[in-house]
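Examination of the molecular architecture
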Amino acid sequence: MNCIVCVTSVPDTASVIKIGPDGKNIDETGIKWIVSPFDEYALEEALQITEAKGGEVTAVTYGPARSEAALRDCLARGAHKAVHVIGGEATLGDSFTIAKVLAKALDGREYDLVLCGNMGVGTDCAQVGPMLAELVDIPHVANVTKLEVGDDSLSAGRDVEGGQEQVESPLPALLTCQKGLNEPRYAALKGIMAAKRKPVDKIEVATLGIDEATDSTYNVRSLELPPPKSEGTIIQGEDDPAGAAAQLVNLLRNEAKAI
Amino acid sequence: MAGILVFVEQRNGDIRQASLQAISEAHRQAGGDVAAVFVGSGIGDAAAGLGAYGAARVFLADDPNLALYSSEGYGEAVAKAVESAAPNAVFFAGTAMGRDLAPWVAAKLGTGALADVVALEKDGDQFVARRPVYSGKAFATVDSAGSKPQVISLRPNVFAAEETGGSAEVVALDGLSLAIRAVVKDLLDTGGGEIDVAEADIIVSGGRGLKGPENFALIRELAQALGGAVGASRAAVDAGWIAHKHQVGQTGKVVSPSLYVAAGISGAIQHLAGMSSSKIIVAVNKDPDAPIFKIADYGIVGDLFDVIPPMVEEVKKLAG
């Protein structure tokens, strides 16, 4: 069973976000780049599936040169091969162009499953997975927290408001993976050493027939920080917690009108 | 401009509030030129009612094979409606269904999509949208770089639903070619009667300060007294104290309720990103220097085990 895992490189979730000098992008100074946390569930699931059933895991990313670190991380955790489509700085947040690039990168490869994270943390679109599935014409299940894979079909649980959809699909299929699906492994030292010798297939985005400038479907006009909050009313409640609680509930009722 | 088509979501024939919000916003943006596409099985009676929120036409796909959601089945219906209505934009409510369907439909139409939009304005013949990025640590103002139609999903509970008192012409969508490969076999109720944090107007969240899973009972009591949902920090979820569906934060749910109570949550940047757009934020924490107090509208510095029980009593008194 061959799995393709699509990963993206994002700022660490603990990053303080500052606006860059162009007013459209973040200031990348001091940002630590990590594999998008949801992609870790996708990779882990692919590794477990191929460990049980055989086959190979190919990690694919579309991003600038620094994104190779994300692929090396996937290889260190056990992915067999990697594909790096180089580009993507102009198309950050442009889900449709990203999906088109990935579809071209998948062209001609043999796979039973394509696994993506539920969303790329940061751009927060959660769109590339379903778009990619449509473009390569395979069924998909998004937001998966439970999965059983058979020889030619799968059964997945997908979280929706207040419930879980039970979905069955033939293979090949695409999944977007959500927290709760598995516990991602860390890379061991042996894996990190082995990753250095594993192949990374490098492709310039232009050679896929995509022009990042003219094919754009997402244009950032400006990026701003949220307005600062004014100082709140803080009650010292160590000595009289019950009195503080009564005062707070009174404020919520009569001042904030929130309850 | 040639109007807006709105995908309207229902569950067991009940129209989702977030969809009514989407129709209302479409009506505010496009006046009378709003159509809805309504998909399901045995839902014909509810279709005409969408006129009351501003839909002039309702494209109805009523088919037993569409009883439960599938991107392929519902997407085929939306694509057919797009063919008929030739809209300038297609709106979706940003629910679990909408966030799945919108990108799939966009790809089918060969166009881009803007997700999780919280404000819209027109610039010539295209919409300019404001959307939170980095889980609300920043806001981006974006457009679709001229790609048409514009596919846009609207964050629930941000846009107002308002009745316009209009009526709608219902048009049946015929000749759908339904080739559904990923089939929803069942929709399990995993909520156990609890309100989902993604839909809640009031959320009470607990974190590491609870010291153990059993103490979520305190959080649950306050949530019940307030008629709200139970949330949790990543620390509490990662410790295995509560299921991930309760997690609020950058790798959990991003919420904006009218009241958010954080108890025993210090306010890691990861958590703040998921709830900082709540209207009123209340913090209860022992540590006066906890970052959560910096964004709190109200707070109590004190031990949550001493503060929460009397809060529950005070709230119950209000309810009489």
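Only a predicted model underlies this, so the values are computations on that prediction, with no experimental measurement involved.

As a further point, take the overall build of chain A. Helix and strand counts for chain A stand at six helices and 13 strands. Taken along the three principal axes of its C-alpha coordinates, chain A extends 65 × 45 × 40 Å. By residue count, 55% of the 259 residues in chain A fall in the buried class. Taking the intrachain contacts of chain A between residues at least 6 apart in sequence as the baseline, contacts between residues at least 24 apart amount to 72%.

In this section: the pairing of strand E16 (residues 259-263) of chain B. Residues and elements named next belong to chain B. Most of E16 sits inside the fold, with five of its five residues counted as buried. Alternating positions in E16 separate into two faces, Leu-259, Val-261 and Ala-263 on one and Tyr-260 and Ala-262 on the other, with burial throughout. Where strand E14 (residues 202-206) lies against E16, five bridges are found, and the strand directions are parallel. Bridge pairing in E16 links Val-204 to Val-261. As paired elements, E16 and strand E17 (residues 280-285) share five bridges and run parallel to each other. Looking at E17, one finds that Val-261 is bridged to Val-282. Considered for its hand, the β-α-β crossover made up of E16, helix H7 (residues 269-275) and E17 is right-handed.

Read across the sheet, 10 strands follow the order E11(A)-E5(A)-E4(A)-E1(A)-E6(A)-E10(A)-E7(A)-E8(A)-E9(A)-E13(B) without closing on themselves; strand pairing throughout is mixed. With partners counted over all chains shown, the strands left at the sheet margins are strand E11 (200-204) of chain A together with strand E13 (183-189) of chain B, one partner each. Ignoring which end each strand starts from, the neighbouring axes of this sheet average 30° apart. Both strand E8 (residues 153-160) of chain A and strand E9 (residues 163-170) of chain A contribute to a ladder of eight bridges, which runs antiparallel. The residue of E9 of chain A that forms the bridge with Ala-156 of chain A is Val-167 of chain A.

This part takes up the domain arrangement of chain B. Accessible area lost upon the coming together of the parts is a frequently used measure of interface size. All names here are of chain B. Parsing chain B into structural domains produces domain 1 (4-172) and domain 2 (197-319). For domain 1 and domain 2, the distance between their C-alpha centroids amounts to 32 Å. Of the roughly 700 Å² buried between domain 1 and domain 2 on both sides combined, carbon and sulfur atoms contribute 36%. When residues of domain 1 are sorted by the area they lose upon contact with domain 2, Ser-135, Lys-137 and Arg-155 head the list and together hold 64% of the total. Summed over the shared surface of domain 1 and domain 2, the number is one salt bridge. Where domain 1 packs against domain 2, one counts two residue pairs in polar contact (both at pLDDT 80 or more). Looking at the side of domain 1 that touches domain 2, its residues break down into one nonpolar, three polar and three charged.

On to the domain arrangement of chain A, then. In terms of domains, chain A is made up of domain 1 (3-208) and domain 2 (233-259). Computed from C-alpha atoms alone, the centre-to-centre distance between domain 1 of chain A and domain 2 of chain A is 46 Å.

In this section: the state of the cysteines. Residues and elements named next belong to chain A. In total, this model carries zero disulfides over all chains according to the counting rule given. Of all cysteine sulfurs in the structure, the one in Cys-177 sits closest to Cys-3, which takes part in no disulfide; the separation is 9.9 Å. Owing to a relative accessible area of 1%, Cys-3 belongs among the buried residues under this scheme. Looking at Cys-125, it has no disulfide partner, and the nearest cysteine sulfur is the one in Cys-116, 14 Å off.

Definitions and limits used
- Residues numbered from 1 in each chain as written.
- Chains lettered and ligands numbered in written order.
- Predicted model: local features only at pLDDT ≥ 70, side-chain atom pairs only at ≥ 80, totals over all residues.
- Heavy atoms only, no water.
- Helix = DSSP H or I, 4+ residues; strand = E, 2+ residues; numbered from the N terminus.
- Buried < 20%, exposed > 50% of the residue type's maximum accessible area, 1.4 Å probe, protein only.
- Contact = heavy atoms within 4.5 Å.
- Pairing = 2+ DSSP bridges.
- Right-handed = clockwise from strand over helix to strand, strands pointing away.
- Axes fitted to C-alpha atoms, helices over the stretch in contact; angles between N-to-C directions.
- Domains from an automatic or database assignment.
- Buried area = accessible area lost by both parts, 1.4 Å probe.
- Salt bridge = Lys/Arg side-chain N within 4 Å of Asp/Glu carboxyl O.
- Polar contact = N/O pair within 3.5 Å; in protein donor to acceptor, adjacent residues only side chain to side chain.
- Nonpolar A, V, L, I, M, F, W, Y, C, P; charged D, E, K, R; others polar.
- Disulfide = S-S within 2.5 Å.

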